[in-house]
Amino acid sequence: MKRLLTILILSYTMGQLHTHACTNFLITKGASSDGTTMISYAADSHVLYGELYFWPAADYPKGSKLKVYEWDTGKFLGEIDQVEHTYQVTGNLNEYGLSIGETTYGGRHELVDTTGIVDYGSLMYITLQRAKTAREAIQVMSDLVEKYGYYSSGESFSIADPNEAWIMEMIGKGPGNTGAVWVAQRIPDGFISAHANQARITTIDFKDSDNFMYSKDVVKFAKKMNYFDGEKEEFSFSDVYAPLDYGAIRFCEARVWSFFNMANPEVAQKYLPYIEGNSNERMPLYIKPAKKLSYRDVQHMMRDHFEGTPLDMTTDIGAGPFSCPYRWRPLTWQLKNDTVNTYFNERAIATQQTGFSFIAQLRDNVPDPIKGVLWFGVDDAASNVYVPIYGGIKEVPECFKVGNGNLLEFSWTSAFWIFNWVSNMAYTRYSNIQPDVEKVQTDLENQFEKSLPQMDAIAMDLYKKDKDEFYKQITNYSLAVSENTLKRWKDLGEFLMVKYIDGNIKKVKNGSFERNEYGLPASPDQPGYSNDYYKTVVKQTGDKLKMKGEAGH
């Protein structure tokens, strides 16, 4: 019976993770090496096309309406009142340095309000057009769902500005009950947090308005629905509205644990038994990192596959002969004719189905249009490039532009397709090809680390003298680094195709393919497979492949 319950729990959890299974990090300004607030977001979905959304600031006549379409499907949900002025939004960042990300946790399925008008995606992007700070964003979001209803299942939001980082967790009240129950908690300065498709806020300090905000009926509604019958002080949002199961721990909380482990392994190791299903002691919502984190550190953390931990995806037989840290879906599986046991693949932070991801670096003491830098990339974070996009740019790079290709139409000018082309080559021979990918990735990101401060200095000077030239220069910079990245990645794809064709590895010296004395390609290397893989082959085949008599060629 216990085994059957586990299978049912896994099946339920996978239903919640079917569409979007994302990961968010939050780094407060006191926990960052340069005093900036940061949040990261990996928008992971097999049906999400990676592109950079853009809404210019605009004015509307009083009484105007805004049509709302569900972000996931494009389904028309209804109309809401438009405000008279909206702010510019580039991706998940607005012109005032406010950024919002999300992860879907699902929660109690009966609380999905199919009559609501505002879904979680629209909620993010509408709010970015209407709020300047994190606290204001939380108020806008709660007001929108209170008035128009919340269409989606349970959601965790990362909401940050240059001074504060908050997690807001929300779930609807079911059909016929307009609004949502929610809680928002500020991450204390000097600490970091994360969420990954599992609600993480537990108890609420109802007297601490500086660090907590919540819907007025967050406890009352739980009692009405018979989810909770204790004292108000004992109430835990996560335990009531999104109870944990093993799937939520292993597929979701494990990614939070891995982030914590990279930031402070001494603290995180205490919670490894929890991730492995051997302890009920939950991880805290936030921890203090062992050292302050830079945006480059966060980029590296977004590319994690549990390397160096007991969950390492590069070391088991599933990694194949080339230590590939990817497993194709489904996430859970059974052996043929075995209806009792269910198995699973690990779910890492970096994953093949990412549409886009970013690190929003939110800076104080600079002009509003450059307060936010969106380090933006498409496809798998482990093989992408994070390019710097200022929040105040007036044009989106062509390679990221909405409408440049889609999931059913390949485009040679689309970064999403070019990066997928390269990453899918790497997946076939990961241990051989990925180092070549990372070499170009690192080279480009090193260039950006040097050029962005130079552009900042130019922009700061221009902002005082010539606003038009200021906007022109920050836009041109973001366009240039994006298009140069696309060109470098196309060149990389062509290089990899030539170097690794047909299982061979052509010799390369000083960036060029070697030739023999007659000008023809030098004889390629043929390294075969790893010794561990050969041992597995021998173990499985016995003497079937063993040479008889003298050794052959």
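Residues numbered from 1 in each chain as written. Predicted model: local features only at pLDDT ≥ 70, side-chain atom pairs only at ≥ 80, totals over all residues. Heavy atoms only, no water.

(A) The overall build of the protein, seen in detail. If you tally the helices and strands in the protein, you get 13 helices and 23 strands. In terms of C-alpha radius of gyration, the protein reaches 25 Å, essentially the compact-globule figure of 24 Å for 553 residues. With the principal axes as the frame, the protein shows a C-alpha extent of 85 × 70 × 45 Å. Considering only contacts within the protein whose residues lie at least 6 apart along the sequence, 71% involve residues at least 24 apart. On the protein, roughly 24700 Å² of surface is accessible, and the fraction owed to carbon and sulfur atoms is 52%. The positive charge centre, built from 58 side chains, and the negative charge centre, built from 70, are 2 Å apart in the protein. (Helix = DSSP H or I, 4+ residues; strand = E, 2+ residues; numbered from the N terminus. Rg over C-alpha atoms; globule rule 2.2 N^0.38 Å. Contact = heavy atoms within 4.5 Å. Areas by Shrake-Rupley, 256 points an atom, 1.4 Å probe, with all protein chains shown as cover. Lys, Arg positive; Asp, Glu negative; His and termini not counted. Charge placed at Lys NZ, Arg CZ, Asp CG, Glu CD.)

(B) The pairing of strand S5 (residues 65-69), seen in detail. With five bridges connecting them, S5 and strand S6 (residues 76-81) associate as antiparallel partners. Looking at S6, one finds that lysine 67 is bridged to glutamate 79. (Pairing = 2+ DSSP bridges.)

(C) Geometry of the confidence of the model for the protein. Counting all residues, the mean pLDDT for the protein is 94, and 96% of those residues have values of 70 or more. In the predicted structure, residues 1-19 sits below a pLDDT of 50 and forms 33 contacts with residues beyond four places in sequence or in another chain. (pLDDT = per-residue confidence, 0-100.)

(D) Structural detail: the side chain of arginine 296. Along the chain, arginine 296 turns up in helix H9 (residues 295-301). Among the polar contacts made by the side chain of arginine 296, one reaches the side chain of asparagine 446 at a distance of 3.1 Å. In this structure arginine 296 touches Thr442, Glu445, Asn446 and Glu449, once residues within four positions along its chain are discounted. (Polar contact = N/O pair within 3.5 Å; in protein donor to acceptor, adjacent residues only side chain to side chain.)

(E) Spotlight on the packing of aromatic side chains. One pass over the full model with this rule turns up 41 aromatic pairs. Look at tyrosine 53 and phenylalanine 356: their rings are 5.9 Å apart centre to centre, the planes differ by 90°, and that puts the pair in the edge-to-face class. Highlighted residues: tyrosine 53 in the loop between strand S2 (37-44) and strand S3 (54-55) and phenylalanine 356 in strand S19 (residues 354-362), separated in sequence by 303 residues. In this pair, the class of tyrosine 53 matches that of phenylalanine 356, namely buried. Within the aromatic cluster, the residues linked to one another by ring pairs are Tyr41, Tyr53, Trp55, Trp71, Tyr120, Tyr125, Phe356, Phe358, Phe376 and Phe400. The ring of phenylalanine 191 has lysine 288 sitting right over it, with the charged end atom 5.1 Å from the ring centre. Its end group placed over the ring of tyrosine 463, lysine 467 keeps NZ or CZ at 4.2 Å from the ring centre. (Phe/Tyr/Trp six-rings, centres within 6.5 Å; stacked < 30°, edge-to-face > 60°. Buried < 20%, exposed > 50% of the residue type's maximum accessible area, 1.4 Å probe, protein only. Lys NZ or Arg CZ within 6 Å of the ring centre and 35° of its normal.)

(F) Expanded view of a nonpolar patch on the surface. A cluster of nonpolar side chains, namely Val47, Leu407 and Leu408, defines an oily patch on the protein surface of about 340 Å² accessible area. If you trace the backbone, valine 47 turns up in the loop between S2 and S3. (Patch = residues over 30% accessible without salt bridge, like charges linked within 9 Å, V, L, I, M, F, W, Y side chains within 5 Å. Salt bridge = Lys/Arg side-chain N within 4 Å of Asp/Glu carboxyl O.)

(G) Local environment of the sheet that holds strand S16 (residues 286-287). Taken in spatial order, the seven strands line up as S16-S14-S1-S2-S19-S20-S21 in an open sheet, and their pairing is antiparallel. Two strands close off the open sheet at either side, each with one partner strand: S16 and strand S21 (387-390). Inspection of the sheet shows strand S20 (residues 372-378) paired to S21 by four bridges, in the antiparallel sense. What sits directly across from leucine 374, in S21, is isoleucine 389.

(H) The packing of helix H11 (residues 430-465) against helix H12 (residues 467-500), seen in detail. Interhelical geometry of H11 versus H12 gives an angle of 170° and a closest axis separation of 10 Å. Viewed along their axes, H11 and H12 adopt a mutual orientation that is roughly antiparallel. (Axes fitted to C-alpha atoms, helices over the stretch in contact; angles between N-to-C directions. Parallel < 35°, antiparallel > 145°, perpendicular 65-115°, else oblique.)

(I) The arrangement of unusual backbone geometry in detail. Look at the link from arginine 329 to proline 330: it is a cis peptide, with omega at 10°. Examined against the element boundaries, proline 330 turns out to sit in the loop between H9 and strand S17 (332-333). The phi torsion at asparagine 510 lies on the positive side, around 55°, for a residue other than glycine. By the element assignment, asparagine 510 lies in the loop between strand S22 (508-509) and strand S23 (512-513). On the basis of relative accessible area, asparagine 510 is assigned to the exposed category, the value being 75%.

(J) Layout of the side chain of glutamate 253. Secondary-structure assignment places glutamate 253 in helix H6 (residues 246-263). Those residues in contact with glutamate 253 that sit more than four places away from it in its chain are Gln198, Arg200, Leu244, Ala248, Tyr274, Ile275, Arg282 and Met283.

(K) Structural detail: the packing of helix H10 (residues 415-428) against H11. The N-to-C vectors of H10 and H11 enclose an angle of 145°; their axes lie 6 Å apart at closest approach. Pair H10 / H11 crosses with left-handed handedness. Contacts between H10 and H11 pair Val422, Met425, Ala426, Tyr427 and Thr428 from the former with Tyr430, Ile433, Gln434 and Val437 from the latter. Residue composition of the contact of H10 with H11, grouped by class: seven nonpolar, two polar and no charged. (Left-handed = near helix turned anticlockwise from the far one by under 90°. Nonpolar A, V, L, I, M, F, W, Y, C, P; charged D, E, K, R; others polar.)

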